[in-house]
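# Architecture and fold: a report
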Amino acid sequence: MVIFNFGDSNSDTGGYCAAHGIRFGYPDGRSFFHDHPSDRLCDGRLILDFLCESLNMSYLNAYLESVRPNFKNGENFAIGGATILPKNALFTLSTQVLQFIRFKARSLQLQSIGLKDLAEDDFKNAIYMIDIGQNDIANEFSYLSKVSQVLEKIPSFISEIQAAVWGIYNRGGKNFWIHNTGPLGCLPQKLATRNASNLKDLDDYGCIKSMNEAAETFNNQLRALCEQLRLQMKDATIVYVDIYAIKYDLIAHSSAYGIQNPLMVCCGFGGPPYNYNSNITCRQSGYSLCEEGSAYISWDGVHYTEYANAIVASKILSTNYSTPPLELHHFCT
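Residues numbered from 1 in each chain as written. Predicted model: local features only at pLDDT ≥ 70, side-chain atom pairs only at ≥ 80, totals over all residues. Heavy atoms only, no water.

An unreviewed UniProt entry annotates the protein as GDSL esterase/lipase LIP-4-like of Nicotiana sylvestris.

Quick look at the structure:
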């Protein structure tokens, strides 16, 4: 099986590190990669890693990895901090698609001279995963004062995702696996740094309603786009996965998953209610760690723990949150 992934830090398996010449070592990766730098903003495996495991394939190498990368199972264009807009900026979605186009052309050129790696059929039968949008919504909230102003920006995000899918489709891609964005307003980083006087903006589970409203608006428009593209791309399969519903359920019913404090950070500083301090974040001098093996959702205030990622991945693989409800294995036949 071949997978090409496009996205941000939620699915970045080393792109940011390769681009900036750094490594993510301890405490990142401690739950799975242990003493080896994981190059993931997580204490272990990402959702994408678990999806690859379900297909019995190796983890995806970052496109920018220069030291003995293995692209036989595809590759990962996702990079931490990536956004949908502005178009053609460094590592945005459109740039990631351009990188894919270059990679495909180069691969087929090398194959034509006898170097076998990925062939035309591999690109045709590959799964094209897209998981991006969280940073765009978060960025809008950082400098726009009204929720309505944020909502007005969302159609431009959707339009760019549409262009990305068409760009891949027009070059032979037929199988698309598209994740919507999670409940932004439940991230401890957002909660700890919000305007404390606006308590009316919290829902029953302590999440910021306005941010989640924006995420849901984005998701509704993304779902509509997928429906539209299915009508236009008759020979394509487009699976829309409701990541928001999975992650919100994890918070709303946290005790059922053995989680006592769903809005608290494992790697952070400051103690309850969020254990997040913008001046002493995870990886900065002075941070503290939860006990290894304990059940937390948030690793560092923004990214999920391996514990949570494993649950999310299992829900994805159940097909209960997918439209249409196709198994990932469907694309292996």
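## A closer look at the sheet that holds strand β3 (residues 127-131)
Selection rule: By definition, two strands form a pair when at least two bridges between them are found by DSSP. Put simply, DSSP H or I for four residues or longer makes a helix, DSSP E for two residues or longer makes a strand, and each gets a number counted from the N terminus.
Overall, mixed pairing links the 6 strands, which are arranged β2-β1-β3-β4-β5-β8 in an open sheet. Across the chains shown, the open sheet's two edge strands, defined by having one partner strand only, are β2 (74-76) and β8 (322-323). For β3 and strand β4 (residues 175-179), the ladder comprises 4 bridges, and the chain directions are parallel. Paired with Tyr128 across the strands is Phe176, a residue of β4.

## Brief notes about the nonpolar core
Selection rule: In plain words, nonpolar cores are sets of buried Ala, Val, Leu, Ile, Met, Phe, Trp, Tyr and Cys residues tied together by side-chain atoms within 4.5 Å. Think of it in three bands: with a 1.4 Å probe and only protein chains considered, a residue is buried below 20% of the maximum accessible area for its type, exposed above 50%, and partly exposed in between.
One finds Phe4, Phe6, Tyr128, Trp177, Phe218, Leu250 and Ile316 to be the most contacted residues of the largest nonpolar core, which totals 89 residues. The greatest single-element share of this core, amounting to 9 residues, is contributed by helix α6 (residues 147-169). Met264, Cys282, Cys290 and Tyr296 belong to the second-largest nonpolar core, a separate cluster that totals 7 residues.

## Topic: the UniProt feature "coiled-coil region" (unreviewed entry) in the protein
Going by this rule: UniProt positions are given in the numbering used here, feature names are shortened, and annotations may be inferred rather than shown by experiment.
Feature annotation in UniProt places "coiled-coil region" (unreviewed entry) on residues 208-239, given in this structure's numbering. Each end of residues 208-239 is marked by a C-alpha atom, and these two atoms are 28 Å apart; helix forms 75% of the span and strand 9%.

## A word on the packing of aromatic side chains
Threshold: Each Phe, Tyr or Trp ring, with Trp reduced to its six-membered ring, pairs with another whose centre is within 6.5 Å; inter-plane angles below 30 degrees give stacked pairs, above 60 give edge-to-face pairs, and intermediate values give tilted ones. Think of it as a cone above the ring: NZ of Lys or CZ of Arg counts as a charge over the ring if it is within 6 Å of the ring centre and within 35 degrees of the ring normal.
On inspection of all chains with the given rule, the structure shows 21 aromatic pairs. Centre to centre, the rings of Tyr244 and Tyr248 are 5.9 Å apart; their planes meet at 10 degrees, and the pair counts as stacked. Residue Tyr244 and its partner Tyr248 are located together in helix α9 (residues 243-252), separated by 4 residues, close to a single helical turn. Over the aromatic face of Tyr169 sits the side chain of Lys174, whose NZ or CZ is 5.1 Å from the ring centroid. Directly above the ring of Tyr304 sits Lys247, whose terminal nitrogen or CZ lies 4.3 Å from the centroid.

## So, the layout of surface pockets
This is how it is decided: A pocket here means an open set of points on a 1 Å grid, computed over the protein atoms alone, that has protein on both sides within 12 Å along at least five of seven lines. A cavity is instead a set of points where a 1.4 Å probe fits but cannot get out; residues with an atom within 4 Å of a point line either one. Grid points are joined across faces, edges and corners, and a volume is the space filled by probe spheres set on the points. Classes in brief: Ala, Val, Leu, Ile, Met, Phe, Trp, Tyr, Cys and Pro nonpolar; Asp, Glu, Lys and Arg charged; the others, Gly included, polar.
Quantified by volume, the largest pocket comes out at close to 340 Å³. Along its surface, the largest pocket is lined by 15 residues, and Phe141, Arg194, Asn195, Ser210 and Met211 are the ones closest to its centre. Of the residues that constitute the lining of the largest pocket, the class distribution is 6 nonpolar, 5 polar and 4 charged.

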